[in-house]
Amino acid sequence: MGQETRFTITPHPSPVAADERAVLLENPGFGRVFTDHMVTVKWTSDKGWHDAQVGARRPFQLDPAAAVLHYAQEIFEGMKAYRLADGSVTLFRPDENARRFNESAARMAMPDVPEELFLAAIESLVEIDRGWIPGGEGSLYLRPFMFASEPFLGVRPASEYIFCVIACPVGAYFKGGAKPVTLWVSDDYTRAAPGGTGAAKCGGNYAASLVAQAEASRHGCDQVVFLDAAEHRWVEELGGMNIFFAMDDGSLVTPPLGTILPGITRKSLITLARDAGIVVQEQPYSFDQWQADAASGRLREAFACGTAAVVAAIGEVRHAGGSFLIGDGGTGPLTTRLREELVGIQRGTLADTRGWLRRA
Ligand code: PLP
Ligand code: COI
């Protein structure tokens, strides 16, 4: 495909009727309601990227030997489009998603998706499914992904891939809405090891996290917290979010990059906090320290952050040996302030002085 990305656009012959769509948009939940269309682009080792299509959302036809079904050569992204009060639509830092997508692709021995192709695919889908973007506090969650489609059972990087984007209107990620979340510290499972795929957004990382997340659910918790693989001591991240700790001296602590997903929300919050004069330390923080700091009051707040979760206060932590509260178990002032600032920029009620929004 040339420098200019050209999509063949074939609108859905029978899209969901406007009145039915309006009902679905009232309470979409997370990840269950999908829009009418999808984008697909193929890659083969001889032709590179080609056959870019915007068309009706439909099942794939896959050979049972498609490499993704056997060796999980798959990556994805998560990003949101927002409808602003003036009716315009924006994306939040989509160039960062494009960059991370290609870092994941490199780790999984997959082809690079040129940034202009990635962004054009996102924008084409947002354009054709504009009517699916909820107003108010909802947003359109976009899920770009790429998988190995070559039918071949030998273990090596595939020579055929499909890049696809689907979308779903979403509300709050957690059932409890803005209520503080409860975490389960996994004793038995780790998410990623040095040299592994922890920094890549690949499906396999999530497959490996499910048993730990199910254990968290069994203990009545919203999310699992993973400790590091080497010492099983250092807090890394949650099943689908990064984590921050707010100390009594006004500073923030967050685990360093390496084996965790380099979250775009994490990166944005670090910038917002530092610009506001808050000291942010990207440094290892142990589970023992976490418990001690919660007990002594040195730890004032903790929050989870990510595209799906936005910024969610952590109220309680449960583990094999007991449980503890963070502060009074509610949402603290710094969590609220950072959340409001981030959401304000994303939704256009605060000035975007850093050029983070892209009109779609
Ligand atoms: N960590 C994990 C494991 C995630 O799945 C996510 C969500 O994408 C994040 C962190 C947060 O990343 P981001 O802020 O880019 O959505
Ligand atoms: C996201 O926040 O985009 C994710 O991919 C995480 C998942 C929990 C939905």
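These figures come from a predicted structure and were not determined experimentally. (Residues numbered from 1 in each chain as written. Chains lettered and ligands numbered in written order. Predicted model: local features only at pLDDT ≥ 70, side-chain atom pairs only at ≥ 80, totals over all residues. Heavy atoms only, no water.)

1. Points about the overall build of the chain
Summing up its helical and strand segments, the chain has eight helices and 18 strands in all. Computed over the C-alpha atoms, the radius of gyration of the chain is 21 Å, within 12% of the 21 Å expected from 2.2 N^0.38 for a compact globule of 360 residues. Taken along the three principal axes of its C-alpha coordinates, the chain extends 60 × 50 × 35 Å. Looking at the chain as a whole, 51% of its 360 residues qualify as buried. Contacts spanning at least 24 positions in sequence make up 71% of the contacts within the chain whose residues lie at least 6 apart. (Helix = DSSP H or I, 4+ residues; strand = E, 2+ residues; numbered from the N terminus. Rg over C-alpha atoms; globule rule 2.2 N^0.38 Å. Buried < 20%, exposed > 50% of the residue type's maximum accessible area, 1.4 Å probe, protein only. Contact = heavy atoms within 4.5 Å.)

2. Points about the site of ligand 2
In the vicinity of ligand 2, the contacting residues are Phe-76, Gly-78, Tyr-141, Arg-143, Tyr-173, Lys-201, Gly-240, Thr-307 and Ala-308. Within the side chain of Lys-201, an N or O atom sits 2.8 Å from an oxygen atom of ligand 2. For ligand 2, an oxygen atom lies 2.9 Å from a polar atom in the backbone of Ala-308. In the complex, 89% of the free accessible area of ligand 2, which totals 290 Å², lies under the protein chains. For ligand 2, the cavity whose grid points lie within 2 Å of the majority of its atoms is the largest pocket. Its residues assigned to classes, the shell around ligand 2 comprises four nonpolar, three polar and two charged. (Near = heavy atom within 4 Å. Polar contact = N/O pair within 3.5 Å; in protein donor to acceptor, adjacent residues only side chain to side chain. Areas by Shrake-Rupley, 256 points an atom, 1.4 Å probe, with all protein chains shown as cover. 1 Å grid on protein atoms, 1.4 Å probe; cavity = no way out; pocket = protein on both sides within 12 Å on 5 of 7 lines; lining within 4 Å. Sits in = over half its atoms within 2 Å of the grid points. Nonpolar A, V, L, I, M, F, W, Y, C, P; charged D, E, K, R; others polar.)

3. Some points on the layout of surface pockets
By volume, the largest pocket is sized at about 800 Å³. Lining of the largest pocket is provided by 37 residues; of these, Tyr-173, Gln-223, Gly-239, Gly-240 and Met-241 occupy positions nearest its centre. For the lining of the largest pocket, the elements supplying multiple residues, two or more each, are strand E7 (139-148), helix H5 (203-218), strand E11 (235-238), helix H6 (264-275) and strand E15 (299-306). Of the residues contributing to the lining of the largest pocket, the split by class is 16 nonpolar, 14 polar and seven charged. Quantified by volume, the second largest pocket comes out at close to 510 Å³. Surrounding the second largest pocket, 29 residues form its lining, Lys-80, Glu-137, Ala-309, Val-310 and Arg-339 being those nearest its centre. (Points joined across faces, edges and corners; volume = space filled by probe spheres on them.)

4. Some thoughts on H5
Because an α-helix completes one turn every 3.6 residues, residues spaced three or four positions apart along the sequence face the same direction. Taking 1.5 Å per residue, 16 residues should reach 22 Å; H5 reaches 23 Å between its end C-alpha atoms and fits that length. Considering bend angle alone, the principal kink of H5 is centred on Leu-210 and spans about 40°. The inward-facing, buried residues of H5 abut strand E9 (181-185) and strand E10 (223-227). Positive backbone phi, approximately 75°, marks Gly-220, located one or two places after H5. (Expected span 1.5 Å × (residues − 1). Bend = angle between axes of the 7 residues up to and from the residue.)

5. As for the pattern of salt bridges
Taken as a whole and judged by the stated rule, the model has 16 salt bridges. Close ionic contact of Glu-282 with Arg-274 constitutes a salt bridge, the shortest N to O distance being 3.7 Å. Given a relative accessible area of 36%, Glu-282 falls into the partly exposed group. Arg-354 is the partner of Asp-275 in a salt bridge, and the nearest nitrogen-oxygen pair spans 2.9 Å. Separated by 79 residues along the polypeptide, Asp-275 in helix H6 and Arg-354 in the loop between helix H8 (333-346) and strand E18 (357-359) bring together distant segments of the chain. By relative accessible area, Asp-275 is classed as exposed at 54%. Salt bridges here are not isolated pairs; linked through shared partners, they connect Arg-93, Glu-96, Arg-99, Glu-103 and Lys-267. (Salt bridge = Lys/Arg side-chain N within 4 Å of Asp/Glu carboxyl O.)

6. Description of the UniProt feature "modified residue: N6-(pyridoxal phosphate)lysine" (unreviewed entry) in the chain
In the UniProt entry, the feature "modified residue: N6-(pyridoxal phosphate)lysine" (unreviewed entry) is given for Lys-201. Mapped onto the elements, Lys-201 comes out in the loop between E9 and H5. Its relative accessible area of 9% is what places Lys-201 among the buried residues. Apart from the residues within four sequence positions on either side, Lys-201 is in contact with Ile-75, Phe-76, Glu-77, Gly-78, Arg-100, Ser-104, Tyr-206 and Leu-261. (UniProt positions renumbered as here; feature names shortened; annotations may be inferred.)

7. Focus on the site of ligand 1
Residues in contact with ligand 1 amount to 17 residues; listed here are only the nearest, Lys-201, Tyr-206, Glu-237, Thr-265 and Thr-307. Residue Ile-264 places a main-chain N or O atom 2.7 Å away from an oxygen atom belonging to ligand 1. At a separation of 2.5 Å, an oxygen atom of ligand 1 approaches a polar side-chain atom of Thr-265. Elements with a minimum of two residues in the shell around ligand 1: E11, H6 and E15. Here the residues of the shell around ligand 1 are counted per class, giving six nonpolar, seven polar and four charged.

8. Brief notes about the packing of aromatic side chains
This structure, assessed with the given rule, holds 19 aromatic pairs. Measuring from ring centre to ring centre gives 5.3 Å for Phe-101 and Phe-118, while their planes differ by 50°; the resulting arrangement is tilted. One end of the pair, Phe-101, is in helix H3 (residues 94-107); the other, Phe-118, is in helix H4 (residues 115-128), with 17 residues separating them in the sequence. Owing to a relative accessible area of 0%, Phe-101 belongs among the buried residues under this scheme. Considering the side-chain rings of Phe-287 and Trp-290, the 6.1 Å spacing of their centres and the 85° angle between planes classify their relative orientation as edge-to-face. One end of the pair, Phe-287, and the other, Trp-290, are both in helix H7 (residues 287-296), three residues apart, so they sit about a helical turn from each other. Of the two residues examined, Phe-287 and Trp-290, each falls in the buried class. (Phe/Tyr/Trp six-rings, centres within 6.5 Å; stacked < 30°, edge-to-face > 60°.)

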